Amino acid sequence: MRKMFLLAAKDLRSEARAKEIAPPMVLFGLILVFLFTLNFPPGAGQAPVPGPVVGAVGSRELAGAFLWVSLLFAGILGFGRNASTEREGNRIEGLLLAPVDPAALFAGKALANFCYLWTLEAVLLPVFVLFFGVPAGLLLPGILLVALVANVGLAAAGTLFGAASQYVRARELVMPLLLFPVIIPLVLGAERLTSSLLTGGGLGSQSRWFILMGAFDLAIVAIGAVAFEFIVNE
Amino acid sequence: MIEIRRLTRRFGSARALSGIDLDIPTGETVVIFGHNGSGKTTLIKLIAGLLRPTSGVVLVDGKPPRETRGRLGFLGHDLYLYPHLSVSENLVLFARLYDVGAAEAAEALEAVGMSHKKDALVHTLSQGEGQRVALARAVLHDPDLLLVDEPFSGLDETSAAALPAVLKREGRTLVVATHDTERGKAIADRIVVLENGRISAA
Ligand SMILES: Nc1ncnc2c1ncn2[C@@H]1O[C@H](COP(=O)(O)OP(=O)(O)OP(=O)(O)O)[C@@H](O)[C@H]1O
Ligand SMILES: [Mg+2]
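Within any chain, residue numbers begin from 1 and follow the written order of that chain's sequence. Labels are handed out in written order, letters beginning with A for the chains and numbers beginning with 1 for the ligands. Given that this is a predicted model, residues contribute local features only at a pLDDT of at least 70 and side-chain atom pairs are listed and counted only at 80 or more, while totals for whole chains, interfaces and linings are drawn from all residues. As a convention, hydrogens and water are excluded, and side-chain values are obtained from all of the structure's heavy atoms.

**Topic: the overall build of chain B**
And then number 1: Within chain B, the secondary structure is distributed over six helices and nine strands.
And then number 2: Each of the three principal axes of chain B carries a C-alpha extent, and together these read 45 × 35 × 35 Å.
And then number 3: Each residue is assigned to one of three classes by its accessible area relative to the maximum for its type, calculated with a 1.4 Å probe on protein chains only: buried under 20%, partly exposed between the two thresholds, exposed over 50%. Counting across all 202 residues of chain B, residues that qualify as buried make up 52%.
And then number 4: When the accessible area of chain B is evaluated, it comes to approximately 8,500 Å², of which 49% is carbon and sulfur surface.
And then number 5: Between the centroid of the 24 positive side chains of chain B and the centroid of its 25 negative side chains there is a distance of 7 Å. Counting from the N terminus, the helices are DSSP H or I runs at least four residues long and the strands are E runs at least two residues long. All accessibility values rest on the Shrake-Rupley procedure with a 1.4 Å probe; residue burial counts only the protein chains present in the view. For the purpose of charge, His is not counted, nor are the chain termini; Lys and Arg are scored as positive and Asp and Glu as negative. All charge positions are set by atom: Lys at NZ, Arg at CZ, Asp at CG, Glu at CD.

Okay, structure coming up:
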């Protein structure tokens, strides 16, 4: 546990100086949100009736999907960069040589990714509210719970597949190809929950999505902790 | 005590090492010579447990290398340092990972003569300075087994002359791969020459 925090702190401190991960993530996320806004009719977010605008492009339901697709793509950019700091200079070897449980190596990297996701969301959420004109009062505080449950699984899966794709050619392509199918339940859940918030449905009626996402989080964290050793060794 | 039995390592179809047999008693300094591509780095990484044998075994005190890794020190071609952390931040990180304290990190830095650069970011160091900090990283937990690959390369006269004192310690097993014949011979208890993945002289 202690070593997990040491390793994550190492990444975050390094990033605070180098600014090679979080700023590009945020910038990429902003571009995506902006591009999606172009397809979103002005005022659609403020539709007076809480509830989906049936059949209409530009419903608040769609806005939730736009948000999570933006977060996901920007997140992937960060996961790849975070993983590459250990590939460059074969630094992963230095960590593997130390008497550290590989599960702690995994958890340290995942914790750093988790922090990058929150940073990304801290910028993107307000911008999303602003650009899409959705009422912030509907999103908060529920969106924080949704993000928490989504971030755990995204960070763990991103760490696992980020590491797995480091040693192949075209790693920028391989990582999303591996990652996308696996995280479908997580992204779908986050989208549905966000849509429910945006359409005034709240989270109370959505417990099955939380259960699905929570189960996914547990599974991917467990798999990552066990499998990481075999992925990074040789 | 390191026991190496019929150790073979292939990369694809190329054989980097072919059937090495070697025993290294505890406390001995073995220096490995050999041309580029003769298999020195491969052998050292196999002893460290960073590579797996294609066939054969490596045992460190009767165990697979990864099980005794806390007592192993390793300095390879790569520095294993984080460029945007300072020298001392790097060393303190590794000290904690090896369950020793910041004092040990500072001591190791002193031993390689780099204390004056403790607050410098690693990416601002020269090659030789980086090499010395990496050496401090490799010895800060006072390992019983130290594996070093080309430790003299990139070092100036003074640093190279000071190196044996940092590497050697009573009771420590030391394995050094080098092209520096003179300095290698000076620290060796035993010399092993690799040629095309085989021991040609020992
Ligand atoms: N990762 C690898 N993939 C493919 N071949 C490799 C790999 N590592 C080493 N080899 C091959 O194995 C052989 C031995 O390499 P090794 O690095 O052990 O030599 P060396 O004695 O350390 O050489 P040098 O003096 O140049 O450091 C070489 O022919 C090399 O091409
Ligand atoms: Mg070599």
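Moving on, there is more to tell.
**A short note on the interface of chain B and chain A**
And then number 1: Whether two residues are in contact is decided by their heavy atoms, any of which lying within 4.5 Å being enough. Across the contact, 27 residues belong to chain B and 28 residues belong to chain A.
And then number 2: Across the chain B/chain A interface, buried area totals approximately 2,600 Å², and carbon plus sulfur atoms make up 55% of it.
And then number 3: The largest share of the area that chain B buries against chain A comes from Tyr-82, His-84 and Leu-97 of chain B, three residues that together contribute 25% of it.
And then number 4: The term salt bridge refers to a pairing of a side-chain nitrogen on Lys or Arg with a carboxyl oxygen on Asp or Glu at a separation within 4 Å. Our count for the chain B to chain A interface comes out at five salt bridges.
And then number 5: For Arg-13 of chain A, the salt bridge is made with Glu-89 of chain B, and the minimal N-O distance between the two is 3.5 Å.
And then number 6: Definition of a polar contact: a pair of N or O atoms within 3.5 Å, with one able to donate and the other able to accept a hydrogen when the atoms are protein atoms, and with sequence-neighbouring residues admitted only if both atoms are side-chain atoms. Across the chain B-chain A interface, the total number found is 16 residue pairs in polar contact (both at pLDDT 80 or more).
And then number 7: Of all the secondary-structure elements, those providing two or more residues to the side of chain B that touches chain A are α1 (40-48), β5 (72-75) and α2 (87-97) of chain B.
And then number 8: Broken down by element, the residue count for the side of chain B that touches chain A peaks at five residues, all from α2 of chain B.
And then number 9: Here the side of chain B that touches chain A is built from residues that sort into 15 nonpolar, three polar and nine charged. As a working definition, buried area equals the accessible area (1.4 Å probe) given up by two parts on being put together, with both sides summed. For this classification, Asp, Glu, Lys and Arg are treated as charged, while Ala, Val, Leu, Ile, Met, Phe, Trp, Tyr, Cys and Pro are nonpolar and the rest, including Gly, are polar.

**Concerning the site of ligand 1**
Residues and elements named next belong to chain B.
And then number 1: In this text, near means that some heavy atom of the residue lies within 4 Å of the molecule or strand in question. Close to ligand 1 lie 13 residues; Gly-37, Lys-40, Thr-41, Thr-42 and His-179 are nearest.
And then number 2: In the model, an oxygen atom of ligand 1 is placed 3.0 Å from a nitrogen or oxygen of the Gly-39 main chain.
And then number 3: Between Thr-42 and ligand 1, the recorded distance is 2.6 Å, taken from a side-chain N or O atom to an oxygen atom.
And then number 4: Out of a free accessible area of 630 Å², ligand 1 has 58% covered by protein chains.
And then number 5: In terms of residues, the shell around ligand 1 owes the most to one element, α1, which gives three residues.
And then number 6: Considered class by class, the residues forming the shell around ligand 1 number two nonpolar, nine polar and two charged.

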